[in-house]
Amino acid sequence: MLCTPMTLSSSVSHTPPVVVQSMYIFKQPHIGGEASSHQDATFLYTEPLGRVLGVWIALEDATLENGCLWFIPGSHTSGVERRMVRAPAGSVTGLNFLGSEPARDDSLFVPTPVQRGALILIHGEVVHKSEANLSDRSRHAYTFHLMEASGTTWSPENWLQPTAELPFPPLYT
């Protein structure tokens, strides 16, 4: 079979994903705390669901001893149990939780130790956590979250809101 190259016409459009947040995560030796089990969509909610992707880059080896990530395989298909939302204006806390984080069977979690330089993609609905750093070595990581902007509604109840002055930037131009 002969294949011919395809030329994209000007009618084909593509919207790059936007970066909704980024974090530098550092777990210092012996004092780096745990991140309890959660779904990123609890904090970064979209409609439809499944439009947020976490990008986690190991800047140092992430081991069982220094707090690597743990995942529940297949949990991205179970929906979102809990949401963090902005509280009404004038509220003391500023944030509320809707729903509750279900009790999770620890035996379902699978550790994901990786070497420095590894990249882990995290579906916004997958349940994940990390344990405390009990080692003599630090565990540094850089993470950011992307949203497929086209056809996606960013919840106006999310804690993080883009503004005209500071919109969510495209991942690339």
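Everything below is about the structure printed above this text.
Rules behind the numbers
Residues numbered from 1 in each chain as written. Predicted model: local features only at pLDDT ≥ 70, side-chain atom pairs only at ≥ 80, totals over all residues. Heavy atoms only, no water. Helix = DSSP H or I, 4+ residues; strand = E, 2+ residues; numbered from the N terminus. Buried < 20%, exposed > 50% of the residue type's maximum accessible area, 1.4 Å probe, protein only. Contact = heavy atoms within 4.5 Å. Pairing = 2+ DSSP bridges. Axes fitted to C-alpha atoms, helices over the stretch in contact; angles between N-to-C directions. Salt bridge = Lys/Arg side-chain N within 4 Å of Asp/Glu carboxyl O. Phe/Tyr/Trp six-rings, centres within 6.5 Å; stacked < 30°, edge-to-face > 60°. Lys NZ or Arg CZ within 6 Å of the ring centre and 35° of its normal.

Quick word on the environment of Ser36
In step 1: Mapped onto the secondary structure, Ser36 falls in strand 2 (residues 35-38).
In step 2: Take Ser36: its relative accessible area is 48%, and that puts it in the partly exposed class.
In step 3: Between the C-alpha atom of Ser36 and that of Pro16, which follows or precedes it by 20 residues, the distance is 31 Å.
In step 4: Setting aside anything within four residues of it in sequence, one finds Ser36 in contact with His128 and Lys129.

Side note on the sheet that holds strand 8 (residues 110-112)
In step 1: Taken in spatial order, the four strands of this open sheet run 2-10-5-8, and their pairing is antiparallel. The outermost strands of the open sheet, each flanked by one partner alone, are strand 2 and strand 8. Pairs of neighbouring strands in the sheet enclose a mean axial angle of 25 degrees, with direction left out of account.
In step 2: The sheet contact formed by strand 2 and strand 10 (residues 128-130) spans two bridges and is antiparallel. Bridging across to strand 10, Ala35 finds its partner in Ser130.

Examining the pattern of salt bridges
In step 1: Per the stated rule, a full pass over the model turns up six salt bridges.
In step 2: A salt bridge links Asp61 to Arg137, with the shortest nitrogen-to-oxygen separation between them at 3.9 Å. Here the residue Asp61 occupies a position in the loop between strand 4 (52-58) and strand 5 (69-71), and Arg137 occupies one in the loop between strand 10 and strand 11 (139-147), the gap between them amounting to 76 residues.
In step 3: According to the relative accessible area criterion, Arg137 is partly exposed, its value standing at 44%.
In step 4: Residues Glu157 and Arg83 are paired through a salt bridge, measuring 3.3 Å at the closest nitrogen-oxygen approach. Of the two residues, Glu157 sits in the segment after strand 12 (153-154) while Arg83 sits in strand 6 (residues 82-86), which places them 74 residues apart along the sequence.
In step 5: Each of Asp106, Lys129 and Glu131 takes part in salt bridges that share partners, so that together they form one network.

Here we look at the packing of aromatic side chains
How two aromatic rings sit relative to each other is set out by the distance from centre to centre and by the angle between their planes.
In step 1: Tallied over the full model, the rule gives four aromatic pairs.
In step 2: Between Tyr24 and Phe26 the ring centres are 6.1 Å apart and the planes differ by 35 degrees, which places this aromatic pair in the tilted class.
In step 3: Accessibility expressed as a relative area gives 45% for Tyr24, which makes it partly exposed.
In step 4: Consider the rings of Trp154 and Phe168, whose centres lie 5.0 Å apart with planes at 80 degrees: the pair is edge-to-face. Of this pair, Trp154 sits in strand 12 while Phe168 is found in the segment after strand 12, placing the two residues 14 residues apart along the sequence.
In step 5: You can call Trp154 buried: its relative accessible area is 11%.
In step 6: We note Arg83 situated over the ring of Tyr45; from NZ or CZ to the ring centre the distance is 3.8 Å.
In step 7: Taking the ring centre of Trp70 as reference, the NZ or CZ of Lys129 above it sits at 5.7 Å.

Observations concerning the environment of Val126
In step 1: Locating Val126 in the fold gives a position in the loop between strand 9 (119-123) and strand 10.
In step 2: Given the relative accessible area of 9%, Val126 is considered buried.
In step 3: In the structure, Val126 is positioned 61 residues away from Glu65 in sequence and 23 Å away in space, judged by C-alpha atoms.

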